[in-house]
Structure formats: C-alpha cells, structure tokens
Amino acid sequence: MTDEQRDIDCQEALERLYDYIDGELTPARAEAVRRHLEHCEPCLKVSTFESAWVRFLEVRTRARHAPPSLRKRVLESLLFEDDATAGP
Amino acid sequence: MPGPEHKRAAFEAEALPHLDTVYRVALRLAGDESLAEDIAQEAMLKAYRSWHQYRPGTNVRAWLLTIVRNTFINQYRKAGRRGTQVDVHEIEPYTVFQEVQDVDPEGSLFDRIVDDEVLEAIDEIPDEFRETLVLSDMEGLTYAEIAEVTGVPVGTVKSRLFRARQALQRRLYDYAVEMGYITRRDG
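A brief look at the structure comes next. (Residues numbered from 1 in each chain as written. Chains lettered and ligands numbered in written order. Predicted model: local features only at pLDDT ≥ 70, side-chain atom pairs only at ≥ 80, totals over all residues. Heavy atoms only, no water.)

Some words on the environment of B:Thr156
Residue and element names in this part refer to chain B. One can find Thr-156 in helix H9 (residues 154-178). A relative accessible area of 26% means that Thr-156 is categorised as partly exposed. For the pair formed by Thr-156 and Tyr-143, sequence separation is 13 residues and the distance between their alpha carbons is 9.6 Å. (Helix = DSSP H or I, 4+ residues; strand = E, 2+ residues; numbered from the N terminus. Buried < 20%, exposed > 50% of the residue type's maximum accessible area, 1.4 Å probe, protein only.)

Structural notes on the interface of chain B and chain A
Every contact between the two is made by 51 residues of chain B and, on the other side, 35 residues of chain A. Where chain B abuts chain A, roughly 4100 Å² becomes buried across the two surfaces, and 60% of that area is made up of carbon and sulfur atoms. Where chain B touches chain A, the interface holds 9 salt bridges. As a salt-bridge pair, A:Asp19 and B:Lys158 come within 2.7 Å of each other at their nearest N and O atoms. Where chain B meets chain A, there are 26 residue pairs in polar contact (both at pLDDT 80 or more). Residue assignment for the side of chain B that touches chain A shows that the elements contributing at least two residues are helix H1 (4-14), helix H2 (19-30), helix H3 (33-49), helix H5 (95-100), helix H6 (115-123), helix H7 (127-138) and H9 of chain B. With 9 residues, H3(B) is the single largest residue contributor to the side of chain B that touches chain A. (Contact = heavy atoms within 4.5 Å. Buried area = accessible area lost by both parts, 1.4 Å probe. Salt bridge = Lys/Arg side-chain N within 4 Å of Asp/Glu carboxyl O. Polar contact = N/O pair within 3.5 Å; in protein donor to acceptor, adjacent residues only side chain to side chain.)

Things to note about the packing of H2(B) against H7(B)
Residue and element names in this part refer to chain B. At a closest axis distance of 10 Å, the pairing of H2 and H7 adopts a crossing angle of 155 degrees. As the angle between them shows, H2 and H7 are arranged roughly antiparallel. For H2 against H7, the interelement crossing comes out right-handed. For the pair H2 and H7, contact is made by Arg-24, Val-25, Arg-28 and Leu-29 and by Arg-130, Glu-131, Val-134, Leu-135 and Met-138, respectively. When grouped by side-chain class, the residues that make up the contact of H2 with H7 number 5 nonpolar, no polar and 4 charged. (Axes fitted to C-alpha atoms, helices over the stretch in contact; angles between N-to-C directions. Parallel < 35°, antiparallel > 145°, perpendicular 65-115°, else oblique. Left-handed = near helix turned anticlockwise from the far one by under 90°. Nonpolar A, V, L, I, M, F, W, Y, C, P; charged D, E, K, R; others polar.)

Any link to function would need more than the numbers given here.
Given below as structure tokens:
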C-alpha cells in the first residue's frame, strides 16, 4: 500500500475536503477521502454541507455577462489598433 | 507573415469568447461597473497587441486573466475599492456548519440570500483572497491555473481559497441571522 492509499483520520480528511470537492486530489488520495467519509458520519455531514456551499457559490456568481456596449467598444478598439499599426 | 485580418480573426475566435469572464473578474476586482468596463477593454487591447506572445493551444483564458489582473493592479487599484471589512485571519474552519448542523445540515439557509447580497459580501473580502475565490468559484479555474494567474504557489492558492470560502460563509450566515432566515444557536 502506498502512502496515498493508506487510511486517513478525521483531521486529514477535513484538511483535504475542499481539494476533494474541487476534484484536485490524485485518484488515490480522493479514494482515501471517499473511504473515510463512507465510514465517518460526522465528516460526511461536513462534506455534504461544504459541497452544497461550493455549488451555491458557483451557481450564484456566474450569471453575469459583459454588457453589449463593452463588446462593441472592444471590437472598435481592435479595428482602430489595426488602422494605427498598418503601414502606409 | 499573416496580415491584420488574420490576426484579428484569430483573436476574435479565441480570445473574444472569454469577454464575459474578463468582465466578471474585472468587476469583482474593481468593485465598480464603469471601472470594470475600462479594465476589460484595456486588457483586451493589451492582449491583442501582444497576441504574438500567446502560444496557440495553451490556456488562453488564464493568459487573458493574467493581463486583466496586471491591468487592475498597475493602473486601477488606487481608483476603485473601498476598504475591506472581513478579517480572513480569524477564520476557524467549518464553524458555520457546527452552528447549523442540527437545524440545517445541508445549508439551505443560503438559498434565501439574493445574488446581489452574495456579490456584495464577496466584495468585502481582502483583494488576494477575493481574487482567488472569484477565479475558482466564479470562473472555475483549477488551482494550478489560479497559481499561474496570481503568481503564487498552489499551496498559497489552497489556503487563500479555504479562508475566502469560510470568511464568506460566515459573512452570509451572519446576514441570514440578521434577516431572520435562521436563528443563531445559543452559546
């Protein structure tokens, strides 16, 4: 068994919780966290709560779009830049 | 050598689709819509001018956001932003969960909070923590991409993200209590 596959305790599981939720752990480390959560109800509850929290942040902050006037301004500035740098 | 039409077509196809991201990040950095538009436009123009430095096939979004961040820091930071209010250094892990676990273990108290209040609370987090949270949770960048954009090690990204998420959670929990969405546990 490698170091990444060994059983982990509550402290380690909670330290890695956001990495786990964000999909940032190696498969072996993610599996170790998953195994811990399967057997530890208190940690599973924290995980459920924090997963919902991260999803909440994603859903609530991504809706906004650039105003159409900005898109127009950017396109105009590119054209202007082309004209300014074009040789005679 | 490709002409300006070729360059513009490539830029419009690869960089311009990220304008929403560029604007959203600029808005959360600057905290002001008009400043955010100026930053976004300036950053897109800088990106266009240095398009020859972009290597096709690499991460164009992270490249653009690095330019947005530098533009904000070098030219706009002094103009925008009120003082920060949330102290991220006194954050203890998972305390909101500990307070609500008996009455609201899945955190549905947050569902009643409107988007504007969430964004306002994000704006109160100190710069380096806010930008990390915005890049991660708003824009979905990986830790490695955030490290590239902000120029810090991945370990720093992780600790900033942890503190930012917990500080924001605490801030919105206090707001939910204030609004009567949930009753604070005694003791």
